[in-house]
Amino acid sequence: MPFGQIVKAISGFYYVRTDEGKVIQCRARGVFKFEKKKLTPLVGDLVEIEQTGLDEGVVTSVQPRSSELIRPPIANVDQAIVVGSLKRPRFQPMPLDRFLVHGEREGLEMVIVLTKKDLVKNEQEIEKIRSVYEPAGYPVIETSIKTGEGIDELKRHLKGKVSVFAGQSGVGKSSLLNELLPGQKLETGKVSDKIGRGRHTTRQVELLILPEGGQVADTPGFSQLHFKGMEPVELGDCFPEIRRRAPECRFRGCLHINEPDCAVKEALRQGEMDEKRYQHYTQFLTEIKEALERRYT
């Protein structure tokens, strides 16, 4: 039976690109199981198929995944490109931090891409963002589709990898992908002057081949990422600046809130950690605890 990769999924149909480059429209045969849980095929899955016609078939098995994202729903991603606009809409660190946590939990490499650089008059705005995320270990790339700035640098990060692009609606994600994929012309949306956000233009997840090698996923925009199934003690590992300092805390399993001799709190007092990032950590921690309380009541 031929093997391939699911590159698109729409209304129960899975479009599988075989090793020969042919795309077969498939249905899934039954419910798959992996690691004692039911498995629904995702875009990015490596699968075995059985052809039932010239361009039709069924997915008969799904290979074990190296990674799995829930929102956007995609498997076997190497890295996440988190896109945030500098202007229209203005840069918003909260949703960006949510996605960074989600990607860190899945063990993905993370790259932050800032769009609409041409609209920024004060470079200090960008330096402020860099001063938060680069010390945490995240590459930050400034881009503009109008001037072409940052596009070549982004291509170097994408080459040879499977990357998922994600960001809030209207940040310029599809416009950026159009620069990377000549001739693809993905649908883009305008930003509302009233609410400062864009409308969703991407309807489903699709894997696209880059001319220079590698693949990128065009995904629906997201507004929030929830921390389903996460334990409070896991959250600190999803903030690199906290993860690095946690071994120096007095107590193993320190949540870095009120515990004595906490290295994270000390770094915060010394100005070695960004206060806003820590505030997001505490907010996410509260959400996780509240979700656990609801689960057991």
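Numbers given for residues are sequential positions, taken from 1 along each chain in its written order. Since the coordinates come from a predicted model, pLDDT governs what is reported: local features require at least 70, and pairs of side-chain atoms require 80 or more to be given and counted, while whole-chain, interface and lining totals use all residues. Heavy atoms throughout the structure, all of them, feed into the side-chain values; hydrogens and water do not.

- As named in an unreviewed UniProt entry, the chain is Small ribosomal subunit biogenesis GTPase RsgA, taken from Thermoactinomyces intermedius.
- UniProt positions are given in the numbering used here, feature names are shortened, and annotations may be inferred rather than shown by experiment. Quoted verbatim from the Sequence similarities (unreviewed entry) field of UniProt, the annotation for the chain is "Belongs to the TRAFAC class YlqF/YawG GTPase family. RsgA subfamily."
- Under Subunit (unreviewed entry), UniProt gives the following word-for-word description of the chain: "Monomer. Associates with 30S ribosomal subunit, binds 16S rRNA."

### Here we look at the side chain of Arg17
Right, so step 1: Here a strand is any run of E in DSSP of at least two residues, a helix any run of H or I of at least four, and the numbering for each starts at the N terminus. Positionally, Arg17 belongs in strand E2 (residues 13-18).
Right, so step 2: Note on classification: 1.4 Å probe, protein chains only; a residue is buried when its accessible area is under 20% of the maximum for its type, exposed when over 50%, partly exposed between these limits. Residues counted as positive are Lys and Arg, residues counted as negative are Asp and Glu, and His and the chain ends are not counted. Any Lys or Arg side-chain nitrogen found within 4 Å of a carboxyl oxygen on Asp or Glu counts as a salt bridge. Buried charge Arg17 goes without a salt bridge, the closest partner of opposite sign being Glu206 at 6.5 Å.
Right, so step 3: Residues in contact with Arg17, not counting those within four places in the same chain, are Gly4, Gln5, Val7, Lys22, Val23, Leu207, Ile209 and Gln215. In this analysis, two residues are considered to be in contact whenever any of their non-hydrogen atoms come within 4.5 Å of each other.

### What to know about the nonpolar core
As a rule of thumb, soluble globular proteins bury nonpolar side chains together.
Right, so step 1: Core analysis: the biggest nonpolar cluster contains 42 residues, and Val59, Ile74, Leu100, Met110, Ile112, Leu114 and Tyr133 have the highest contact counts within it.
Right, so step 2: The element best represented in this core is helix H2 (residues 123-133), accounting for 4 residues.
Right, so step 3: Residues within four places of Ile112 in sequence aside, it is in contact with Val82, Leu96, Leu100, Tyr133, Tyr138, Pro139, Val140 and Ile141.
Right, so step 4: By size, the runner-up hydrophobic cluster in this structure holds 22 residues, among which are Met230, Leu235, Ala267 and Ile288. Working definition of a nonpolar core: buried Ala, Val, Leu, Ile, Met, Phe, Trp, Tyr and Cys residues. They are joined through side-chain atoms within 4.5 Å.

### Thoughts on the environment of Val233
Right, so step 1: Relative to the assigned elements, Val233 resides in helix H5 (residues 232-235).
Right, so step 2: Along the primary structure Val233 and Leu285 are separated by 52 residues, whereas in three dimensions their C-alpha atoms are 8.9 Å apart.
Right, so step 3: Among all residues touching Val233, those that are not within four sequence positions of it are Gly253 and Leu255.

### A word on the state of the cysteines
Right, so step 1: Criterion for a disulfide: a pair of cysteine sulfur atoms within 2.5 Å. A complete count under the given rule lists 0 disulfides for this structure.
Right, so step 2: Of the cysteine sulfurs around Cys254, a residue in no disulfide, the closest is that of Cys262, at 3.8 Å.
Right, so step 3: Taking the relative accessible area as the measure of exposure, Cys262 reaches 4% and is therefore buried.

### Points about H2
Right, so step 1: Of all the positions in H2, only Ile126, Ile129, Arg130, Val132 and Tyr133 are classed as buried. Buried residues along H2 cover an arc of 160 degrees about the axis, so they all sit on one side. What points out from H2, more than 90 degrees from its buried face, is the exposed set Gln124 and Lys128.
Right, so step 2: Its buried side turned inward, H2 meets helix H1 (93-105), strand E11 (109-115), strand E12 (140-142) and helix H8 (275-295). The arc refers to the directions leading from the helix axis to the C-beta atoms.

### Description of the pairing of strand E13 (residues 162-166)
Right, so step 1: Among the 5 residues of E13, 5 are classified as buried, and the element is accordingly described as predominantly covered.
Right, so step 2: Burial along E13 is two-sided: Val162, Val164 and Ala166 facing one way and Ser163 and Phe165 facing the other are all buried.
Right, so step 3: Two strands pair if DSSP finds at least two bridges between them. Inspection of the sheet shows strand E10 (residues 79-85) paired to E13 by 4 bridges, in the parallel sense. In the sheet register, Ile81 faces E13, and the bridge partner there is Phe165.
Right, so step 4: Note that E13 and strand E15 (residues 215-218) share 3 bridges and pair parallel. Opposite Val162, over in E15, you have Gln215 as the bridge partner.

### Here we look at the pattern of salt bridges
Pairs can form between side chains of opposite charge whenever their charged atoms are close.
Right, so step 1: In total, this model carries 19 salt bridges according to the counting rule given.
Right, so step 2: With a closest N to O distance of 2.7 Å, Asp45 and Arg65 form a salt bridge. Of this pair, Asp45 sits in the loop between strand E5 (37-39) and strand E6 (46-51) while Arg65 is found in the loop between strand E7 (56-62) and strand E8 (68-69), placing the two residues 20 residues apart along the sequence. Like Arg65, Asp45 is buried.
Right, so step 3: Across the pair Arg277 and Glu241 runs a salt bridge, and its minimum N-O distance is 2.8 Å. Taken together, the positions of Arg277 in helix H8 and Glu241 in helix H6 (residues 240-245) put the pair 36 residues apart, joining distant regions of the chain. Glu241 shares its class with Arg277; the two are buried.
Right, so step 4: Residues joined in a network through salt bridges with shared partners are Lys117, Glu123, Arg130, Glu134, Glu142 and Glu149.

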